[in-house]
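What the coordinates show
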Amino acid sequence: MVDPLGPGRDLSCFVLPEIGRLVETGEPQEPYSLLDPNGLPVAPVASFFAELQAATRPATTIRSYGMDLLRWFRPVNCTMS
């Protein structure tokens, strides 16, 4: 569970695929999943989303974080082309 007074998350090892998509699963226990180009869930993101669920964050928050993760990476790709 996320502890606001505990140590922060080390994001230096957090790796995202260059191409991916956020999908709505229709499952209340896992409302959204971030998929890699092969259609497989990105494990670190799935773990992060599970922690958000455990901390009783709404599905809209999980969707927002998922979209932010995708946006964070895509502008870098645009400048590299």
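Since the structure is predicted, the reported quantities are computational estimates derived from the model, not experimental observations.

A few words now on the side chain of S33. Counting through the fold element by element, S33 comes out in strand β2 (residues 30–35). Excluding residues within four positions of it along the chain, S33 makes contact with R21, L22, V23, T25, P41 and F49.

With that settled, the discussion passes to the packing of aromatic side chains. Under the defined criterion, the tally for this structure stands at two aromatic pairs. Both rings, one in F48 and one in F49, keep their centres 6.3 Å apart while their planes meet at 40°; by these two values the pair is tilted. A residue is classified by how much of its surface remains accessible, and F48, at 17% relative accessible area, is buried. According to the relative accessible area criterion, F49 is buried, its value standing at 6%. Seen from their ring centres, F48 and Y65 are 5.6 Å apart, and the 75° between their planes marks the pair as edge-to-face. Remark: Y65 occurs in helix α2 (residues 59–80) and F48 occurs in helix α1 (residues 43–54); sequence separation between them is 17 residues. A connected cluster of aromatic rings, assembled from ring pairs, spans F48, F49 and Y65.

It is worth spelling out α1 at this point. Given a rise of 1.5 Å per residue, twelve residues ought to cover 16 Å, and the 17 Å separating the end C-alpha atoms of α1 matches this to within 8%. Looking only at α1, the buried set comprises V45, F48, F49 and L52. Burial along α1 is one-sided: seen end-on, the buried residues are contained in an arc of 100°. Of the residues flanking the end of α1, it is T56, one or two places downstream, whose phi is positive at about 55°.

The next point concerns the side chain of D36. As for its position among the elements, D36 is in the loop between β2 and α1. For the buried residue D36, which engages in no salt bridge, the nearest side chain bearing the opposite charge is R21, 6.8 Å off. In this structure the side chain of D36 is engaged in a polar contact, spanning 2.9 Å, whose partner is the backbone nitrogen of N38.

What follows covers the nonpolar core. In terms of nonpolar packing, the biggest core is built from eleven residues, these being L22, Y32, L34, V42, V45, F48, F49, L52, I62, L69 and L70. Contributing elements (two or more residues each) for this core: β2, α1 and α2. Sorting elements by how many residues they give to this core places α1 first, with four residues. In this structure, I62 is in contact with P31, Y32, F49, L52, Q53 and R57, ignoring residues within four places of it in sequence.

Thresholds, definitions, all that
Residues numbered from 1 in each chain as written. Predicted model: local features only at pLDDT ≥ 70, side-chain atom pairs only at ≥ 80, totals over all residues. Heavy atoms only, no water. Helix = DSSP H or I, 4+ residues; strand = E, 2+ residues; numbered from the N terminus. Contact = heavy atoms within 4.5 Å. Phe/Tyr/Trp six-rings, centres within 6.5 Å; stacked < 30°, edge-to-face > 60°. Buried < 20%, exposed > 50% of the residue type's maximum accessible area, 1.4 Å probe, protein only. Expected span 1.5 Å × (residues − 1). Arc of directions from axis to C-beta. Lys, Arg positive; Asp, Glu negative; His and termini not counted. Salt bridge = Lys/Arg side-chain N within 4 Å of Asp/Glu carboxyl O. Polar contact = N/O pair within 3.5 Å; in protein donor to acceptor, adjacent residues only side chain to side chain. Core = buried A, V, L, I, M, F, W, Y, C linked by side-chain atoms within 4.5 Å.

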